Amino acid sequence: MKKVLMLCASPRKESNTMQVLEECAKTIEKNGLEAEILSLRQKKIRSCIACGKCSELHQCALKDGLNDIIEKLKEADGFIVGSPVYFGTARGELMSALQRIGMVNMSSGNFLSWKVGGPIAVARRGGHTATIQELLMFYFINDMIVPGSTYWNMVFGHQPGEAKEDTEGMETAIRFADNVAKLILKIK
């Protein structure tokens, strides 16, 4: 079965970001694909140390749980990341994870090439577009396909549950997830 892996970067247990991804997962599953959400919550993801060992190992030399995510990602057809916005940018642990995933990808046959996906940003007030732009760099440099939606993939919410009150934001994220699933079905 075709699968979309989703990565939640929120450190909170019942976060708005997780709730948005859960709704996206339902839409992906309605299209007949499997959706799995992984969380960076309580993980201590380190930054790349530029050791170059990923070329030999075809995984990251750092042992902090990211290799488990990389192995699942190798098998997936799609990859969506959801990040809360902190001080106008994506969470640092997410960026560290994506940079290391990218390094392993480039030294391991470019397994991300032609995977479908993209980012979703969730914030109280602002910084969404800067976060989306920052995250899009990962997708583009790794030869991935990013479908659009009816607006930018951003949802407003501060306290848990508030994101679901942003009707337009939720509809945009859900439409994006639907487009990811439909595109995977067309090209894979």
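Structural data are supplied above this passage.
Residues numbered from 1 in each chain as written. Predicted model: local features only at pLDDT ≥ 70, side-chain atom pairs only at ≥ 80, totals over all residues. Heavy atoms only, no water.

### A look at the layout of surface pockets
Piece 1. There is about 270 Å³ of room inside the largest pocket.
Piece 2. Those elements that place two or more of their residues in the lining of the largest pocket are α1 (16-30), β3 (78-86) and β5 (116-123).
Piece 3. The dominant element in the lining of the largest pocket, judged by the number of residues it contributes, is β3, at three residues.
Piece 4. Class assignment for the residues of the lining of the largest pocket results in seven nonpolar, nine polar and three charged. (1 Å grid on protein atoms, 1.4 Å probe; cavity = no way out; pocket = protein on both sides within 12 Å on 5 of 7 lines; lining within 4 Å. Points joined across faces, edges and corners; volume = space filled by probe spheres on them. Helix = DSSP H or I, 4+ residues; strand = E, 2+ residues; numbered from the N terminus. Nonpolar A, V, L, I, M, F, W, Y, C, P; charged D, E, K, R; others polar.)

### Some remarks on the environment of Tyr139
Piece 1. Within the secondary structure layout, Tyr139 lies in helix α5 (residues 128-141).
Piece 2. Accessibility expressed as a relative area gives 0% for Tyr139, which makes it buried.
Piece 3. Along the chain, Tyr139 and Asn153 lie 14 residues apart, while their C-alpha atoms are 14 Å from each other. (Buried < 20%, exposed > 50% of the residue type's maximum accessible area, 1.4 Å probe, protein only.)

### Quick look at the packing of aromatic side chains
Piece 1. What the rule picks out here adds up to four aromatic pairs.
Piece 2. Judged by centre distance (5.3 Å) and plane angle (85 degrees), the ring pair of Phe138 and Tyr139 falls under edge-to-face. Accessibility classification places Phe138 together with Tyr139 in one group, the buried group.
Piece 3. Judged by centre distance (6.2 Å) and plane angle (50 degrees), the ring pair of Tyr151 and Trp152 falls under tilted.
Piece 4. By relative accessible area, Trp152 is classed as exposed at 54%. (Phe/Tyr/Trp six-rings, centres within 6.5 Å; stacked < 30°, edge-to-face > 60°.)

### Brief notes about unusual backbone geometry
Piece 1. With a phi close to 55 degrees, Ala50 is a non-glycine residue in the positive phi region.
Piece 2. Relative to the helices and strands, Ala50 resides in the loop between β2 (34-39) and α2 (54-57).
Piece 3. Ala50 gets classed as exposed once you look at its relative accessible area, which sits at 65%.
Piece 4. A positive phi angle, near 60 degrees, is found at Asp143, a position not held by glycine.
Piece 5. Here Asp143 is to be found in the loop between α5 and β6 (154-156).

### Re the pairing of β3
Along a regular strand, successive side chains alternate from one face of the sheet to the other.
Piece 1. Among the nine residues of β3, eight are classified as buried, and the element is accordingly described as predominantly covered.
Piece 2. Where strand β1 (residues 3-8) meets β3, five bridges bridge the pair, whose relative direction is parallel. By the bridge assignment for β3, Val4 is matched with Gly78.
Piece 3. Where β3 lies against β5, seven bridges are found, and the strand directions are parallel. Bridge pairing links Ser83 to Ala121 in β5.
Piece 4. Where β3 meets strand β4 (residues 89-90), two bridges bridge the pair, whose relative direction is antiparallel. Following the sheet pairing, Val85 is matched in β4 by Ala90.
Piece 5. Counting the residues between successive antiparallel strands, the hairpin from β3 to β4 contains two residues, one of them, Phe87, with a positive phi of roughly 55 degrees. (Pairing = 2+ DSSP bridges.)

### Focus: the side chain of Asp77
Piece 1. By secondary structure assignment, the location of Asp77 is in the loop between α3 (66-75) and β3.
Piece 2. When neighbours within four sequence positions are excluded, Asp77 is seen to be in contact with Met1, Lys2, Lys3, Lys115, Val116, Ile184 and Lys188. (Contact = heavy atoms within 4.5 Å.)

### Here's the deal with α1
Piece 1. Compared with an ideal rise of 1.5 Å per residue, which puts 15 residues at 21 Å, α1 spans 22 Å between its outermost C-alpha atoms and is within 8% of the ideal.
Piece 2. Of all the 15 residues making up α1, eleven are buried; the element is thus mostly covered by neighbouring parts of the structure.
Piece 3. Those residues of α1 lying buried are Asn16, Thr17, Met18, Gln19, Val20, Leu21, Glu23, Cys24, Ala25, Thr27 and Ile28.
Piece 4. Buried residues along α1 sit against β1, β2, β3, β5, β6 and α6 (167-187). (Expected span 1.5 Å × (residues − 1).)

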